Amino acid sequence: MLPLLLLLLATAHGLDRLQYKPTLASPKLGGVTTTSTFVLEQPRCVFTEMQGNAVIWLVVAVPEAVDSFNNSVGPGTPERAFQAFPASAPAYMTLNTTLLNYPCPKPAGEITVLRVGSETSCTRDETRPTCNGPLPSPGPYRVKFLALDGSKPVAETAWSDPITLRTAQAPSNIPAMGSGHSAGMIALTSILSILFAILLAGLVAMLVFWGSDACGGSSTFSKPEAVTVQRYNTHHVFDQPAAQL
Ligand SMILES: *[C@@H]1O[C@H](CO)[C@@H](O)[C@H](O)[C@H]1NC(C)=O
């Protein structure tokens, strides 16, 4: 018990609590939150040269885990593994980088953001517990940046406000037009069946006319054609001998 207490005191000492609170990127950017990702402003001019050797991690936690969060549980451990979040890990740690990648001051006009949840290749790969994988639900989530020197926490930001992601439209919200089919697919199927019916009707009509034509030319369709041809031939045949005579 005593060693644990000493360890807690040792880690609490020297932890720089920064006022900065992580925030979502400007909505002007568009797509700041999707159903499985969100975009944060990079923590520029937040950590100082005092954390020059440290690795800066992003901690993503369920809100219930924030009050009792233990900075000493390191990244990559089962309790901080992306693949175990949030079922058996109340938080995960990802997007580790050094101060060099968050240069200060930030160049004017440069877009300096981090997309959380963008890495799909390691979603189920338990050998990559620090995966920046897609978030499993709309949340809400709270995040903070934590600087570790070796395994020692040296600085942290405040926790963000709760971040809630977009909700995918539930199937029950789509007008009930048959289970599992989208309205678009149903419309397309209907149009195709109507077109097919018209085509079939046309084909049947053509066959009927064609059939009656072949069986003796008594239909109203074939008569005018036959008459025209006969008249032309008659005229032609009578003309020529007349010219020769
Ligand atoms: C981030 O962490 C991973 C796994 O712990 C490590 O392999 C990688 O080198 C680290 N990257 C940086 C920039 O610290």
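Structure: see above.
Owing to the predicted nature of the structure, the values given are computational and were not obtained by experimental measurement. (Residues numbered from 1 in each chain as written. Predicted model: local features only at pLDDT ≥ 70, side-chain atom pairs only at ≥ 80, totals over all residues. Heavy atoms only, no water.)

J.: Which residues make up the site of the ligand, and what values go with them?
T.: Neighbouring the ligand are Val 55, Trp 57 and Asn 96. Contacts to the ligand include Asn 96, whose side-chain N or O atom sits 2.3 Å from an oxygen atom. Coverage of the ligand by the protein amounts to 37% of the 360 Å² it exposes when considered alone. (Near = heavy atom within 4 Å. Polar contact = N/O pair within 3.5 Å; in protein donor to acceptor, adjacent residues only side chain to side chain. Areas by Shrake-Rupley, 256 points an atom, 1.4 Å probe, with all protein chains shown as cover.)

J.: Give me the lowdown on the sheet that holds strand E1 (residues 16–17), citing residues and values where you can.
T.: Strand pairing in a sheet relies on backbone hydrogen bonds, with the paired strands running either antiparallel or parallel. Taken in spatial order, the five strands make up an open sheet running E1-E7-E6-E3-E4, and their pairing is mixed. Lying at the two open borders of the sheet, with one neighbouring strand each, are E1 and strand E4 (91–98). Inspection of the sheet shows strand E6 (residues 142–149) paired to strand E7 (residues 152–156) by four bridges, in the antiparallel sense. The residue of E7 that forms the bridge with Ala 147 is Ala 155. (Pairing = 2+ DSSP bridges. Helix = DSSP H or I, 4+ residues; strand = E, 2+ residues; numbered from the N terminus.)

J.: Give a description of the pattern of salt bridges that names residues and reports values.
T.: Proximity of charged atoms lets side chains of opposite charge pair with each other. Enumeration according to the criterion identifies four salt bridges in this entry. As a salt-bridge pair, Arg 17 and Glu 156 come within 3.1 Å of each other at their nearest N and O atoms. Separated by 139 residues along the polypeptide, Arg 17 in strand E1 and Glu 156 in strand E7 bring together distant segments of the chain. Residue classification places Arg 17 among the exposed residues on the basis of a relative accessible area of 59%. By relative accessible area, which is 8% here, Glu 156 ends up buried. In this structure, the salt-bridge partner of Arg 128 is Glu 119, at a minimum N-O distance of 2.5 Å. Relative accessible area serves as the criterion here: at 26%, Glu 119 is assigned to the partly exposed category. Taken together, the shared-partner salt bridges in this structure form one network comprising Arg 17, Lys 144 and Glu 156. (Salt bridge = Lys/Arg side-chain N within 4 Å of Asp/Glu carboxyl O. Buried < 20%, exposed > 50% of the residue type's maximum accessible area, 1.4 Å probe, protein only.)

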